[in-house]
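Chain by chain, the residues run as shown.
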There are 2 protein chains.
Amino acid sequence: MAGHPAQFRNDPRPLARDAALRARAARVIPGGMWGHMNAARLPQGYPQFFASAAGTRLRDVDGNEYVDFMCAFGPMILGYGDPEVEAAAAAQRGRMDIANGPGEALVELAELMVETVPAADWAMFAKNGTDATTACLMIARAETGRRKILVARGAYHGSAPWCTPWPAGTTAEDRAHLLPFEFNDPASLTEAAAAAEGDLAGILVSAFRHDARTDQELTRPDFAAAARALADRHGAALILDDVRAGFRLHLGGSWEPLGVRPDLAAWSKALGNGHAIAAVTGNDAMRAAAQRIFVTGSFWCGAAAMAAATATLRKLHRIGAVAHMEAMGQMLREGIAAQAAALGLGLRQTGPAQLPMMLFDDDPDLAKGSLFCVTALDHGVYMHPWHDMFLSAAHTEEDIRIALAATRKGLEAVARAQP
Amino acid sequence: MAGHPAQFRNDPRPLARDAALRARAARVIPGGMWGHMNAARLPQGYPQFFASAAGTRLRDVDGNEYVDFMCAFGPMILGYGDPEVEAAAAAQRGRMDIANGPGEALVELAELMVETVPAADWAMFAKNGTDATTACLMIARAETGRRKILVARGAYHGSAPWCTPWPAGTTAEDRAHLLPFEFNDPASLTEAAAAAEGDLAGILVSAFRHDARTDQELTRPDFAAAARALADRHGAALILDDVRAGFRLHLGGSWEPLGVRPDLAAWSKALGNGHAIAAVTGNDAMRAAAQRIFVTGSFWCGAAAMAAATATLRKLHRIGAVAHMEAMGQMLREGIAAQAAALGLGLRQTGPAQLPMMLFDDDPDLAKGSLFCVTALDHGVYMHPWHDMFLSAAHTEEDIRIALAATRKGLEAVARAQP
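Keep in mind the model is a prediction, meaning the values are calculated, not measured. (Residues numbered from 1 in each chain as written. Chains lettered and ligands numbered in written order. Predicted model: local features only at pLDDT ≥ 70, side-chain atom pairs only at ≥ 80, totals over all residues. Heavy atoms only, no water.)

### Considerations on the relation of the copies chain B and chain A
The two chain copies are related to each other by a rotation about an axis together with a translation along it. Once chain B has been moved 0.0 Å along the axis and rotated by 180°, it coincides with chain A to within an RMSD of 0.0 Å. Expressed as a symmetry operation, the mapping of one chain copy onto the other fits a two-fold axis. Looking at the rotation axis and the C-alpha trace of chain B, the residue lying nearest is E173(B), at 2.7 Å. Comparing interface residues between copies, 100% of those in chain B also sit at the interface in chain A, which points to an isologous, same-surface contact. (Least-squares fit on C-alpha atoms with pLDDT ≥ 70 in both. Contact = heavy atoms within 4.5 Å.)

### Looking at the sheet that holds strand β3 (residues 65-68) of chain A
All names here are of chain A. Within the open sheet, the four strands sit side by side as β1-β2-β3-β13. Their pairing is mixed. Only two strands of the sheet have a single partner each, and these edge strands are β1 (50-54) and β13 (381-382). Bridge count between strand β2 (residues 57-60) and β3: three bridges; the pairing is antiparallel. Note that in β3 the partner of R57 across the bridge is V67. (Pairing = 2+ DSSP bridges. Helix = DSSP H or I, 4+ residues; strand = E, 2+ residues; numbered from the N terminus.)

### Quick look at the domain arrangement of chain A
Residue and element names in this part refer to chain A. The assigned domain composition of chain A is domain 1 (6-80 + 321-417) and domain 2 (84-319). The centre of domain 1, based on its C-alpha atoms, is set 27 Å off from the matching centre of domain 2. Between domain 1 and domain 2, the residue contacts involve 28 residues of the former and 26 residues of the latter. Summed over both partners, the interface of domain 1 with domain 2 comes to about 2300 Å²; 61% of that surface belongs to carbon and sulfur atoms. The interface formed by domain 1 and domain 2 holds two salt bridges in total. Counting across the domain 1 and domain 2 interface gives 13 residue pairs in polar contact (both at pLDDT 80 or more). (Domains from an automatic or database assignment. Buried area = accessible area lost by both parts, 1.4 Å probe. Salt bridge = Lys/Arg side-chain N within 4 Å of Asp/Glu carboxyl O. Polar contact = N/O pair within 3.5 Å; in protein donor to acceptor, adjacent residues only side chain to side chain.)

### Concerning the interface of chain B and chain A
Counting from both sides, the interface comprises 95 residues of chain B and, opposite them, 95 residues of chain A. When chain B packs against chain A, the two sides together hide about 8200 Å² of surface, and 61% of this comes from carbon and sulfur. When the buried area of chain B at its contact with chain A is split by residue, W34(B), N100(B) and F294(B) rank highest and sum to 12% of it. Counting every contact that joins chain B to chain A gives six salt bridges.

### Details of the sheet that holds strand β3 (residues 65-68) of chain B
Pairing is mixed across the open sheet formed by four strands, whose spatial order is β1-β2-β3-β13 (chain B). Edge positions in the sheet fall to β1 (50-54) and β13 (381-382) of chain B, since each of these pairs with one other strand and no more.

### A look at the packing of helix α9 (residues 321-343) of chain B against helix α11 (residues 397-417) of chain B
All names here are of chain B. Running from N to C, α9 and α11 point in directions that differ by 25°, and their axes come no closer than 9 Å. With respect to their mutual orientation, α9 and α11 come out roughly parallel. Relative to α11, the crossing made by α9 is right-handed. Across from M328, M331, L332, G335, I336, Q339, A340 and L343 in α9, the residues of α11 making contact are E397, I400, R401, A403, L404, T407, R408, L411, E412 and A415. For the contact of α9 with α11, the per-class residue count stands at 11 nonpolar, three polar and four charged. (Axes fitted to C-alpha atoms, helices over the stretch in contact; angles between N-to-C directions. Parallel < 35°, antiparallel > 145°, perpendicular 65-115°, else oblique. Left-handed = near helix turned anticlockwise from the far one by under 90°. Nonpolar A, V, L, I, M, F, W, Y, C, P; charged D, E, K, R; others polar.)

### A word on helix α8 (residues 303-319) of chain A
Counted at 1.5 Å a residue, the expected span for α8(A) with its 17 residues is 24 Å, and the 24 Å between its end C-alpha atoms agrees. Taken from the residues just after α8(A), G320(A) is the one with a positive phi, measuring 65°. (Expected span 1.5 Å × (residues − 1).)

### Regarding the packing of helix α10 (residues 367-378) of chain B against α11(B)
Residues and elements named next belong to chain B. Between α10 and α11, whose axes approach to 8 Å, the crossing angle comes to 140°. What the angle tells us is that α10 and α11 run oblique. As α10 runs across α11, the sense of the crossing is right-handed. Touching K368, L371, F372, T375 and A376 of α10 are A406, T407, K409, G410, L411, A413, V414 and A417, all from α11. For the contact of α10 with α11, the per-class residue count stands at eight nonpolar, three polar and two charged.

### Here we look at helix α4 (residues 129-144) of chain A
Residues and elements named next belong to chain A. Taking 1.5 Å as the rise per residue, α4 with 16 residues should run 22 Å; its terminal C-alpha atoms sit 23 Å apart, in good agreement. Among the 16 residues in α4, 15 count as buried, and that is most of the element. At the C-terminal side of α4, G145 shows a positive phi close to 70°. (Buried < 20%, exposed > 50% of the residue type's maximum accessible area, 1.4 Å probe, protein only.)

### Some remarks on the nonpolar core
Most often, soluble globular proteins have nonpolar side chains that are buried together. Residues F125(A) and F125(B) are the most contacted members of the largest nonpolar core, which totals 313 residues. Setting aside anything within four residues of it in sequence, one finds F125(B) in contact with W34(A), L106(B), L109(B), A110(B), M113(B), I277(B), A278(B), A279(B), W300(B) and M306(B). (Core = buried A, V, L, I, M, F, W, Y, C linked by side-chain atoms within 4.5 Å.)

### Quick word on the side chain of D68(A)
Here D68(A) shows up in strand β3. No salt bridge is formed by the buried D68(A); its nearest oppositely charged neighbour, R248(A), is found at 8.3 Å. A polar contact of 2.6 Å, which involves the side chain of D68(A), links it to the side chain of N100(B). Here D68(A) is in contact with T56(A), L58(A), Y80(A), Y382(A), H395(A) and N100(B), once residues within four sequence places are set aside. (Lys, Arg positive; Asp, Glu negative; His and termini not counted.)

Shown next as structure tokens:
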């Protein structure tokens with residue numbers, strides 16, 4: 001590892017154009033930005049606005065280039081602008097995107113989802129992960145005629161009033177029928193189910209614990225099995241939220257390696273490699289209920305995004321994407337671990353290697369994580385101080401080597417700043 | 001009007017490929033389709049699946065071609081595949097669509113929305129109309145610290161649990177804080193506000209009454225003024241749902257001609273001429289609250305859709321689209337009225353000419369409307385028997401002449417079927 005090429009030295013890193021755009025944005029957008037991409041929630045030194053993206057590389061509006069480990073917060077599972085996906089989308093778009101009904105692309109994608117996901121007998125499509133998780137709750141309630149949904153404390157399932165992590169603008173009734181449990185704790189699941197008092201419609205659970213600002217936890221097999229058994233015992237639906245993790249752990253669904261199949265699953269992010277699409281899949285027990293609910297949207301049948309999703313799934317299958325992402329994530333993780341050990345720094349890398357989370361020991365205000373990440377940015381690598389990151393199938397060993405040159409600088413900066 | 005060209009004679013109209021696709025879809029999609037584009041809710045003879053679209057023309061998977069008056073249920077305000085919009089989207093997509101933050105396209109579009117919509121001091125963007133109406137409710141609640149929202153009985157505001165028109169999968173709590181009023185009835189609005197008992201957060205109202213299966217009603221100026229005054233008196237937010245009508249009645253918002261400005265407005269459908277995008281606009285009184293809520297989505301910053309929206313708005317301005325759509329709608333409406341009068345048929349054409357709704361007298365089961373529409377389909381014109389239709393700026397006088405040839409056939413069929 002002979003260091004990183006010159007174009008990855010962003011030092012001194014200009015951010016003047018970003019600042020100018022932020023000032024313009026502040027006039028016409030509340031706070032200048034909203035939601036999970038609001039850079040005001042990140043340390044100083046993060047760009048808010050980007051100009052271009054290709055493969056694993058992002059360029060901000062000031063021309064700084066980064067090897068990216070956020071993948072647009074997940075969607076870019078094959079890298080930005082994957083030629084195969086873009087060609088499929090463009091070919092479909094040239095004929096038709098939306099119309100008064102779907103195109104054949106809908107049927108092809110639904111068939112491919114059913115073929116890819118062993119738990120799925122059918123599929124429906126939408127635009128947001130929140131559309132998919134919300135529809136799952138509706139289907140579970142329609143099927144069971146009951147109301148209560150068990151949800152892990154602190155888990156993120158979207159930003160509708162029933163699930164947004166911030167209370168502003170929501171009412172108590174939005175969550176009236178949610179009951180909390182602790183992730184990976186079968187006993188708390190049983191207690192929550194008992195608290196539902198015969199009104200249990202479903203158990204909603206993320207692919208693994210990937211809450212922000214918290215160590216990630218892989219799903220314990222006994223927990224997954226307990227969730228399945230509990231749902232069966234109560235005649236409730238087991239709902240897997242695979243929006244964030246989907247297609248990075250296993251193409252057939254993140255719980256396939258655990259041998260546990262949900263009744264319903266919510267998908268989005270990586271499904272269309274950046275094209276706006278979400279999906280609900282379900283088994284035959286949920287089919288009639290899925291037909292009885294009314295969910296829809298003006299753009300949900302967009303055929304270009306469906307063609308993109310079909311191309312994405314096919315390529316993921318063909319290239320063995322999961323194994324590659326895991327290998328690249330593992331290389332990054334082991335490299336960082338060795339660097340940290342050499343510097344005597346305590347840090348925790350948790351969750352699956354394909355969705356890395358890195359938190360420093362004794363870092364309650366994330367000062368270490370922030371210094372680490374901003375230093376990495378200065379050396380041409382985009383990481384996140386408190387959200388899980390994302391590998392893509394486009395990441396190469398060279399990308400990891402570049403990243404490790406930057407993480408070494410970041411760790412050295414943290415070590416130097418030690419009191 | 002010498003009749004319609006040969007390519008618009010779809011008689012006998014094959015639908016075999018459509019039927020085959022429906023059979024495949026039935027296996028992998030609950031009921032074969034969902035939502036507002038489900039052709040199972042339409043009379044026999046409607047195609048479910050489409051193959052291509054250009055301008056005002058749609059081609060189904062069996063090769064039948066139609067002059068389209070649904071515009072994909074609204075989005076296609078400049079016609080399918082408008083070259084200017086597609087070029088803007090493609091140019092942006094070639095650089096970047098989604099990334100770890102937005103592109104400059106976000107700021108440009110927000111600035112253009114604020115410039116275009118006199119009531120707007122700021123804008124935020126999303127993917128679905130439902131995202132936008134839901135965010136409006138959240139902002140109104142966050143700003144006022146109150147909960148009740150007044151909603152017109154029967155109005156459609158999206159398909160989230162709080163607003164979906166079908167009860168399956170929803171709970172009573174989803175609508176716990178909604179209070180009904182009658183559209184265009186200021187007294188019922190006052191009563192509903194009183195029923196809120198000091199807990200009034202907002203008044204949500206559609207641009208005009210465009211409920212399905214019902215005569216449309218233009219908004220009475222005194223009703224709009226009463227809604228504004230009532231919101232002011234209660235310190236509540238006036239929220240205009242301009243998702244369906246937006247940019248077809250007035251580019252600055254559908255209530256601009258009435259001289260009434262909402263505090264918040266929801267937009268989607270036509271904003272990006274088919275590209276998936278929605279927007280919330282608001283005034284400065286709502287800015288801080290808009291910043292305090294947490295709403296987001298993986299694809300909400302998609303720069304290609306934003307570039308498409310900017311190009312759409314600019315073209316709508318430049319070509320005087322509203323006047324053209326109104327003129328074409330008026331030509332269609334007057335032609336149909338004359339045809340019906342000549343045949344002694346009673347029918348009602350209601351609402352704005354740009355969003356036509358046609359319902360037959362004495363047609364409780366919509367048998368006449370269905371016969372009319374299917375006959376029109378056979379003659380190469382796609383209309384809807386119980387949903388408002390949509391004109392686009394791409395519709396030409398020639399399109400209207402073709403349409404009137406088909407509507408004459410449809411009306412003649414209805415006249416022949418009279419008992």
